[in-house]
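Understanding the architecture of this molecule
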Amino acid sequence: MTPPRIRPRFYITTPIYYVNGAPHIGHAYSSIAADVIARFKRLDGFEVFFLTGTDEHGQKIEKAAQAAGLEPQEFVDRNANAFRAMARAINLSNDDFIRTTQQRHKSGCTALWQKLETAGAVYLGHYEGWYATRDEAFYAEDELVLGPDGIKRSPYSAPVEWVRESSFFFKLSAFQDRLLALYDQNPEFIQPASSRNEIVAFVRAGLRDISISRTSFSWGVPVPGSPDHVMYVWVDALANYITAMGYPDMQAPRMAFWPANLHLVGKEITRFHAVYWPAMLMAADLPLPCRVFANGWWTVEGEKMSKSLNNALPVEPLIAEFGLDPLRYFLMREMPFGNDGDFSRRALINRLNDELANDLGNLAQRILSFIAKNADGALPLHGLMTEADFLLLSHARSLPGRVRDAIDGMALHEALDQIWKLVRSANAYIDHQAPWALRKTDPLRMAAVLRILCDALLVIGVLLQPFMPTTMAKLLDFLAVPPNARDLAALESALTDGSRLPTPSGLFPRFVEPA
Ligand code: MSP
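The structure contained in this document is the topic of the report that follows. These numbers come from a predicted model, not from an experiment. (Residues numbered from 1 in each chain as written. Predicted model: local features only at pLDDT ≥ 70, side-chain atom pairs only at ≥ 80, totals over all residues. Heavy atoms only, no water.)

A count of helical and extended segments in the protein gives 17 helices and 18 strands. Since a compact globule built from 515 residues should have a radius of gyration of about 24 Å, the 26 Å found for the protein is in line with a globular shape. Along the first, second and third principal axes, the C-alpha atoms of the protein reach 90 × 65 × 40 Å. The buried share of the protein, reckoned over its 515 residues, is 58%. In the protein, of all internal contacts separated by at least 6 residues, the share reaching a separation of at least 24 is 77%. Total accessible area computed for the protein in this model is approximately 21700 Å², and 54% of it derives from carbon and sulfur atoms. Treating the 51 positive side-chain charges of the protein as one cloud and the 57 negative ones as another, the clouds have centres 4 Å apart. (Helix = DSSP H or I, 4+ residues; strand = E, 2+ residues; numbered from the N terminus. Rg over C-alpha atoms; globule rule 2.2 N^0.38 Å. Buried < 20%, exposed > 50% of the residue type's maximum accessible area, 1.4 Å probe, protein only. Contact = heavy atoms within 4.5 Å. Areas by Shrake-Rupley, 256 points an atom, 1.4 Å probe, with all protein chains shown as cover. Lys, Arg positive; Asp, Glu negative; His and termini not counted. Charge placed at Lys NZ, Arg CZ, Asp CG, Glu CD.)

This next bit is on the site of the ligand. Near the ligand, the surroundings consist of 24 residues, among which I16, D55, G266, E268 and W298 are the closest. Y18 has a polar backbone atom sitting 3.1 Å from an oxygen atom of the ligand. For the ligand, a nitrogen atom lies 2.9 Å from a polar atom in the backbone of W298. For the ligand, whose accessible area on its own is 660 Å², the fraction buried by protein is 94%. (Near = heavy atom within 4 Å. Polar contact = N/O pair within 3.5 Å; in protein donor to acceptor, adjacent residues only side chain to side chain.)

Side chains D96 and I98 of strand β4 (residues 96–99) all project onto a buried face; the interleaved residues F97 and R99 project onto the opposite face, where all are buried too. Bridge analysis of strand β3 (residues 47–55) against β4 gives 4 bridges, and the strand direction is parallel. If you follow T54 over to β4, its bridge partner there is R99. (Pairing = 2+ DSSP bridges.)

The angle between the axes and the distance between the axes are what describe a pair of packed helices. Between helix α6 (residues 193–204) and helix α9 (residues 270–283), the least distance of the axes is 10 Å, while the angle of their chain directions is 50°. Judged on the interaxial angle alone, α9 and α6 are oblique. For the element pair α6 and α9, the recorded crossing hand is right-handed. The segment α6 lies against α9, with S195, E198, I199, F202 and V203 engaging T270, R271, A274 and V275. (Axes fitted to C-alpha atoms, helices over the stretch in contact; angles between N-to-C directions. Parallel < 35°, antiparallel > 145°, perpendicular 65-115°, else oblique. Left-handed = near helix turned anticlockwise from the far one by under 90°.)

A few words on the nonpolar core. One finds L331, M332, F343, W420, L464 and M468 to be the most contacted residues of the largest nonpolar core, which totals 105 residues. A per-element tally of this core places helix α16 (residues 443–464) first, with 14 residues. Apart from residues no more than four positions distant in its own chain, L331 is found in contact with I25, Y29, I32, W298 and F343. Grouped together as the second largest cluster of nonpolar side chains are 88 residues, V163, I210, M231 and Y232 included. (Core = buried A, V, L, I, M, F, W, Y, C linked by side-chain atoms within 4.5 Å.)

Another aspect to go through is the sheet that holds strand β13 (residues 222–223). Pairing within the open sheet is antiparallel, and its 3 strands lie in the order β12-β14-β13. The two strands at the open ends of the sheet, each matched to only one other strand, are β12 (213–214) and β13. Bridging between β13 and strand β14 (residues 226–231) involves 2 bridges; their strand directions are antiparallel. Bridging across to β14, P222 finds its partner in V230.

This paragraph deals with the pattern of salt bridges. Summed over the entire model, instances satisfying the criterion amount to 29 salt bridges. A salt bridge links R214 to E165, with the nearest nitrogen and oxygen atoms 2.6 Å apart. Of this pair, R214 sits in strand β12 while E165 sits in strand β9 (residues 161–170), and the two are 49 residues apart along the sequence. Comparing R214 with E165 shows no difference in burial state: the two are buried. Close ionic contact of D417 with R333 constitutes a salt bridge, the shortest N to O distance being 3.0 Å. Placement of D417 in helix α14 (residues 412–433) and of R333 in helix α11 (residues 324–334) is noted, with a sequence separation of 84 residues between them. Several salt bridges converge on common partners, so that one network encompasses E321, R345, R346 and E513. (Salt bridge = Lys/Arg side-chain N within 4 Å of Asp/Glu carboxyl O.)

The terminal C-alpha atoms of α16, which comprises 22 residues, lie 31 Å apart, in line with the 32 Å expected from a rise of 1.5 Å per residue. In terms of residue burial, α16 counts as a mostly covered element, since 20 of its 22 residues are buried. (Expected span 1.5 Å × (residues − 1).)

Time to look at the pairing of strand β1 (residues 9–13). Across the 5 residues of β1, 4 count as buried, placing the element largely inside the fold. Here β1 runs beside β3; their pairing, made up of 5 bridges, is parallel. Bridge assignment links T13 to a residue of β3, and that residue is L51.

This next bit is on the sheet that holds β9. An order of β6-β5-β9-β11 is seen for the 4 strands of this open sheet, with the pairing classed as antiparallel. Strands at the two margins of the open sheet, each flanked by one partner only, are β6 (137–139) and β11 (210–211). With 2 bridges joining them, β9 and β11 adopt antiparallel strand pairing. By the bridge assignment, F170 is partnered in β11 with I210.

Inspection of the secondary structure puts S195 in helix α6. Not counting residues within four places of it along the chain, the set of residues in contact with S195 comprises I190, T270 and A294.

This next bit is on the environment of D405. Assignment of secondary structure puts D405 in helix α13 (residues 387–408). D405 gets classed as exposed once you look at its relative accessible area, which sits at 54%. Note: C-alpha distance between D405 and A415 (10 residues apart in sequence) is 8.2 Å.

Two descriptors summarise a pair of aromatic rings, namely the distance from one centre to the other and the angle between the planes of the rings. Counted by the stated rule, this structure contains 26 aromatic pairs. Geometrically, the ring pair formed by Y29 and W298 is edge-to-face, given 5.4 Å between the ring centres and 85° between the ring planes. In this pair, Y29 is assigned in helix α1 (residues 25–43) and W298 in strand β17 (residues 298–300), connecting sequence segments 269 residues apart. Its relative accessible area of 1% is what places Y29 among the buried residues. Taking 6.1 Å as the distance between ring centres and 70° as the angle between the ring planes, the aromatic pair formed by W258 and W277 counts as edge-to-face. Linking W258 in the loop between α8 (240–243) and β15 (262–266) with W277 in helix α9, this pair joins segments that are 19 residues apart in sequence. Just as W258 is buried, W277 falls in that class too. What links up through ring pairs into an aromatic cluster is the set Y11, F49, Y241, F257, W258 and W277. Its end group placed over the ring of F46, K41 keeps NZ or CZ at 4.2 Å from the ring centre. (Phe/Tyr/Trp six-rings, centres within 6.5 Å; stacked < 30°, edge-to-face > 60°. Lys NZ or Arg CZ within 6 Å of the ring centre and 35° of its normal.)

The values reported here are purely geometric and, on their own, carry no functional implication.
Here's what the structure looks like:
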């Protein structure tokens, strides 16, 4: 008997989303990027745990509930459902969905607080300074920016207020040297370079202890032993990455996934993930995550999404109009991962028609319908290899390694670019080999050409599964690939000579703007 394969573990997280408003394309983007990586790692033989969820405490949520005329719990229940619905709508393969109002989270979070306290990293003091509720962040005077109206705002343009209250503090200042050593010894800990530079400069400039409890409102996890304090929402929120795994029970089966391999975060929240979170973990004597990667921001048709412009774009109507997989493809392809970019309807339609319908859809359709009509609907056999065959096949065989490198390097757009090189080579090959002309003159060569094309299509279909799971499942069905032979390890044996191929249909309909 062969021993069971021991699979390496991979734990990936999305930020947990604030439930003060409705989910939009920016949230979907973070989640889809994490989903692509999670699905790729599964394909590559890893045992993956993929966590997402919602951030439901804090002053911002309490205010939003008041404005909606609801009790906070009722308000967060309703909005968390909208985020769960978004996760389903974008076909997220998450293994769990944590809500910070769940008891498992509150208990884990309380235990973490106690651990920090026992370690001597927490003390009671008095906070006086600026706070931006919209960012849920404290700011030093020199971080504020003066708006055109002469009013001070946060670096993210949120209004700030002067807060003066009794507060617990976390001894962040004690961790400055250890944090700098961490960044120094692990250059990949924070990426991309722009975020890394910003964080290193921030920590080098000197760290102050941070306020980690509030007394002026009550919607939060109570501080153990001091019920008039609630925990600062970021302490509560960051803890989700371990409470979901069963913390404080270090023997909980899921705790084997800790430390996380990757926290995917937006570029505006790197400070919390790359400074506060590792310092808290150091204080609690827990292992540190391996990598924090900051993704960029989308504007929509050239405008920043905002409540005041009322232009936050929900995903459901886009999915209804264009289909989910084209939308997932567009989001991963349009902007280099880590950069900012603009979401425009025109750009989406162009990519859908040029790259999906034309390049890939036509390629699949030409091969599969030709086999259905002229090769008895069965997977053709290899023939004698020509140089052109060899070139296309070796291109296909080297592709998984290149895609793996791109994904491990967080260049998700580059992974697609690499796959499209093969799509284009396969299109050039079919034009050049012209199997339609071989039908009468050399049927064996026609079959051999079609088979080489199926081999290439298989690699394309397998590698694109993380990006477009539903459509690629359909493509692999058309190639009669058994469901258990769709990962990278099975690539060489996924196709069976002569197997019956189901009748193919189009993968990506062209989008025609309604008149
Ligand atoms: N609740 C915190 C995260 C806590 S993690 C322990 C939070 N929530 S958020 O809902 O405001 O943002 C969640 C994520 O969505 C962030 O990574 C943010 O960058 C991302 N996006 C929100 N708007 C976005 C765009 N317009 N474009 C791309 N991503 C954006 O921060």
